[in-house]
Amino acid sequence: MNEHILSLINALADNHSLSLEQYAELIEARAPETAALLAQKAVAARKAIYGNDVYVRGLVEISNICKNDCLYCGIRRSNKNCDRYRLTKEQITDCAAEGYRLGFRTFVLQGGEDPYYTDNVLCDIVSELKSIYPDCAVTLSMGERSRESYELLRRSGADRYLLRHETADKAHYESLHPNDMSFENRMRCLRDLRDLGYQVGCGFMVGSPNQTSNTLAKDLKFIEGFKPDMCGIGPFVPHKDTPFRDCPAGTVELTCYLLSIIRLIHPPVLLPATTALGTIHPEGREMGIKAGANVVMPNLSPVSVRKKYELYDNKICTGEESAQCKDCLSARMESVGYHIVTSRGDVRRQKMTVNMKLIVNPDIRLESITKETTEALYPLFMEDIRELNRWFGFDADYSIQNDYHYLDNRKPPYDNAIVVFYRGVPCGRFGLYDYSPGENSIYMYYWISSRFRRKGIALAAMGAMLKYLGGLAVREVMFDVDRENLASIKLLEKYPDIRLKSEGKHMIFACDLQAGRYKDGQTV
């Protein structure tokens, strides 16, 4: 391995970000020693968060009827050889009952885009599952729907939604899908799901027709910016009744290589070792776990329909009973030093603490907001409410309930509130909002209690926040400041890197984080 590739791997592990060109280089440089080093670092990153736990999801394939005609898929609309089926609500709840008895605490309802499953029908199924099993998570993988539909399903109790983006390259997307499907709508769906508070999963096939190192680099850059809670990648496996029947399958080696890279891009992500991996290699799922994955999905569907849900040829585990399938996977995981965990297995968000080396004042630390720090800040906040109302337009009758609502709906790290501590006492906060993945830009506001001003706290905390955002690969941070907020204007002007971007009633200040001293920020 040459020094340049080694430096890329170390940079990825430290900063969780590379440029498009660097991702492409790293993909092109795939070799046994490169893969081994990436896997070693990926496993270390995963163990730091999840230990040796492998989460298990109970998969229920509820329908193979689909209105779409994707060129790679065995249940595509135009496949006349597909033996169609649809599970009833009773069959679905029976599958969940069997899964619950076996210890499953997450149920994944997956199916083609079957028009039968209207909002009313699907919401009724989700509500029923949540009422019977309130301690369980319900994950949906039912394709593209309207924002209104996603919102209704969320209100009915759906916790997570899996929707593979398939590819982050528009031209490549169009080569895999019919004209009545659009890249823009797929991305719209993912944004809507994130906005509505789901734990969101995206993903792509490895080795799909027309895929290149450059299109894969775009996938990795998309994952870096979107930071999904889950990411499902698996090898492309051709199906005999599709236009891609004669195309070569993806490889287990490249899939595992990319699993390691994705783990390093976003360490908390939930990464499945997919059934497709086990289809193309007898130890494919174990290899996926050893590359950085930490989720497996045994099948809870009725045995009578499993062979009918054939997205690709030679799918494994179609004849085993649910208990056999779970026991088999458990034994496989134990054989490589891991153990199955049948809890809900929610994503573990890392506690955001900025590296103390980046802060000039050692008495200061920053942490993601909690209910406890919200309550500690509230009296200080109310002391300053009049000037905050003048500067930012806060309501004079502001209630702490506003913050409780925010705590339930925020989406760290790009939609978050960061508390400033001075000698262990909370004294202010930053707010992050309006993150633009395409532009890699974000807006930020900040407030330091009047009791703690003139101690250099705001200046030191600002430097730490800029370092942190630079480490997230945010390119530009902007500050929307009312002209009357002279204290904020003076603070911003103390940083030579922060410039006045536009001027009006509200002055927009901005800082390019990737061009200067903030690009090496990192968290611990």
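Structure: see above.
Now for a quick tour of the structure. (Residues numbered from 1 in each chain as written. Predicted model: local features only at pLDDT ≥ 70, side-chain atom pairs only at ≥ 80, totals over all residues. Heavy atoms only, no water.)

## Regarding the overall build of the protein chain
Alright, step 1. Tallying secondary structure elements over the protein chain gives 19 helices and 16 strands in all.
Alright, step 2. Taking 24 Å as the expected radius of gyration for a compact globule of 524 residues, we find that the protein chain reaches 24 Å, a close match to that expectation.
Alright, step 3. Its C-alpha atoms give the protein chain principal-axis dimensions of about 75 × 55 × 45 Å.
Alright, step 4. The buried share among the 524 residues of the protein chain stands at 57%.
Alright, step 5. Within the protein chain, residue pairs in contact and separated by at least 24 positions form 71% of the contacts whose partners lie at least 6 positions apart.
Alright, step 6. When the accessible area of the protein chain is evaluated, it comes to approximately 21,600 Å², of which 50% is carbon and sulfur surface.
Alright, step 7. Across the protein chain, the mean location of the 67 positive side-chain charges is 3 Å away from that of the 68 negative side-chain charges. (Helix = DSSP H or I, 4+ residues; strand = E, 2+ residues; numbered from the N terminus. Rg over C-alpha atoms; globule rule 2.2 N^0.38 Å. Buried < 20%, exposed > 50% of the residue type's maximum accessible area, 1.4 Å probe, protein only. Contact = heavy atoms within 4.5 Å. Areas by Shrake-Rupley, 256 points an atom, 1.4 Å probe, with all protein chains shown as cover. Lys, Arg positive; Asp, Glu negative; His and termini not counted. Charge placed at Lys NZ, Arg CZ, Asp CG, Glu CD.)

## What about the state of the cysteines?
Note on terminology: a disulfide is the covalent bond linking the sulfur atoms of two cysteines.
Alright, step 1. Here the structure, examined in full by the defined rule, presents zero disulfides.
Alright, step 2. No disulfide involves Cys70; its sulfur sits 6.2 Å from the nearest other cysteine sulfur, which is in Cys73. (Disulfide = S-S within 2.5 Å.)

## Quick word on the sheet that holds strand β11 (residues 416-422)
Alright, step 1. Ordered in space as β10-β11-β12-β13-β14-β16-β15, the seven strands form an open sheet in which the pairing is mixed. A strand with exactly one partner marks an edge of an open sheet, and here the two such strands are β10 (364-368) and β15 (498-502). Between one strand axis and the next, the sheet turns by 30° as a mean value, whatever way the strands run.
Alright, step 2. The pairing of strand β14 (residues 476-482) with strand β16 (residues 506-512) spans seven bridges and is antiparallel. By the bridge assignment, Val481 is partnered in β16 with Met507.
Alright, step 3. Each of β11, β12 (425-436) and β13 (441-448) touches helix α15 (residues 371-383); the most contacted strand, β12, lies at about 100° to it.
Alright, step 4. Its contacts with the sheet put helix α19 (residues 486-493) on β13, β14, β15 and β16, and the angle it makes with β14 is roughly 150°. (Pairing = 2+ DSSP bridges. Axes fitted to C-alpha atoms, helices over the stretch in contact; angles between N-to-C directions.)

## Here's the deal with the environment of Thr373
Alright, step 1. Counting through the fold element by element, Thr373 comes out in helix α15.
Alright, step 2. Remark: the alpha-carbon pair of Thr373 and Lys315, spanning 58 residues in sequence, is separated by 50 Å.

## Overview of the pairing of β14
Alright, step 1. Of all the seven residues making up β14, six are buried; the element is thus mostly covered by neighbouring parts of the structure.
Alright, step 2. Relative to β14, β13 runs parallel, the two being bridged by three bridges. Within β14, the position partnered with Tyr443 by the bridge is Met478.

## Brief notes about the packing of aromatic side chains
Alright, step 1. Within this structure, the stated rule accounts for 16 aromatic pairs.
Alright, step 2. A centroid spacing of 5.9 Å and a plane angle of 70° characterise the contact between Tyr173 and Phe183, whose relative ring orientation is edge-to-face. Here the residue Tyr173 occupies a position in helix α7 (residues 170-176), and Phe183 occupies one in helix α8 (residues 183-195), the gap between them amounting to ten residues. Take Tyr173 and Phe183: they sit in the same class, and that class is buried.
Alright, step 3. Ring centres 5.1 Å apart and planes at 80° place the aromatic pair Phe381 and Trp447 in the edge-to-face group. Taken together, the residues span a long stretch of sequence, with Phe381 in helix α15 and Trp447 in strand β13 at a distance of 66 residues.
Alright, step 4. Here Phe381 falls in the buried class, since its relative accessible area comes to 5%.
Alright, step 5. Of the aromatic side chains, those joined through ring pairs into one cluster are Tyr100, Phe107 and Tyr133.
Alright, step 6. One Lys or Arg, Arg154, reaches over the ring of Tyr198 and ends 5.5 Å from the middle of that ring.
Alright, step 7. Seen from the ring of Phe421, Arg365 lies directly overhead, with NZ or CZ sitting 4.0 Å from the centre. (Phe/Tyr/Trp six-rings, centres within 6.5 Å; stacked < 30°, edge-to-face > 60°. Lys NZ or Arg CZ within 6 Å of the ring centre and 35° of its normal.)

## Points about the pattern of salt bridges
Alright, step 1. With the rule as written, the count across this model stands at 32 salt bridges.
Alright, step 2. A salt bridge links Asp83 to Lys308, with the shortest nitrogen-to-oxygen separation between them at 3.6 Å. Linking Asp83 in the loop between β2 (58-63) and α4 (89-101) with Lys308 in the loop between α13 (303-306) and α14 (322-335), this pair joins segments that are 225 residues apart in sequence.
Alright, step 3. With relative accessibility at 27%, the residue Lys308 sits in the partly exposed group.
Alright, step 4. A salt bridge links Glu144 to Arg186; the shortest N-O distance between them is 2.7 Å. Of this pair, Glu144 sits in the loop between β4 (137-141) and α6 (147-156) while Arg186 sits in helix α8, and the two are 42 residues apart along the sequence. (Salt bridge = Lys/Arg side-chain N within 4 Å of Asp/Glu carboxyl O.)

## Some details on the sheet that holds β4
Alright, step 1. The six strands are arranged β2-β3-β4-β5-β6-β7 in an open sheet whose pairing can be described as parallel. The sheet is open, and its two borders are formed by β2 and β7 (230-235), each paired with just one other strand. Each neighbouring strand pair of the sheet contributes to a mean axis angle of 20°, computed without reference to strand direction.
Alright, step 2. Of the pairings in the sheet, the one linking strand β5 (residues 160-162) to strand β6 (residues 199-206) comprises three bridges and is parallel in character. Paired with Arg160 across the strands is Gln199, a residue of β6.
Alright, step 3. Relative to the sheet, α4 contacts β2 and β3 (106-111), its axis offset from that of β3 by approximately 145°.

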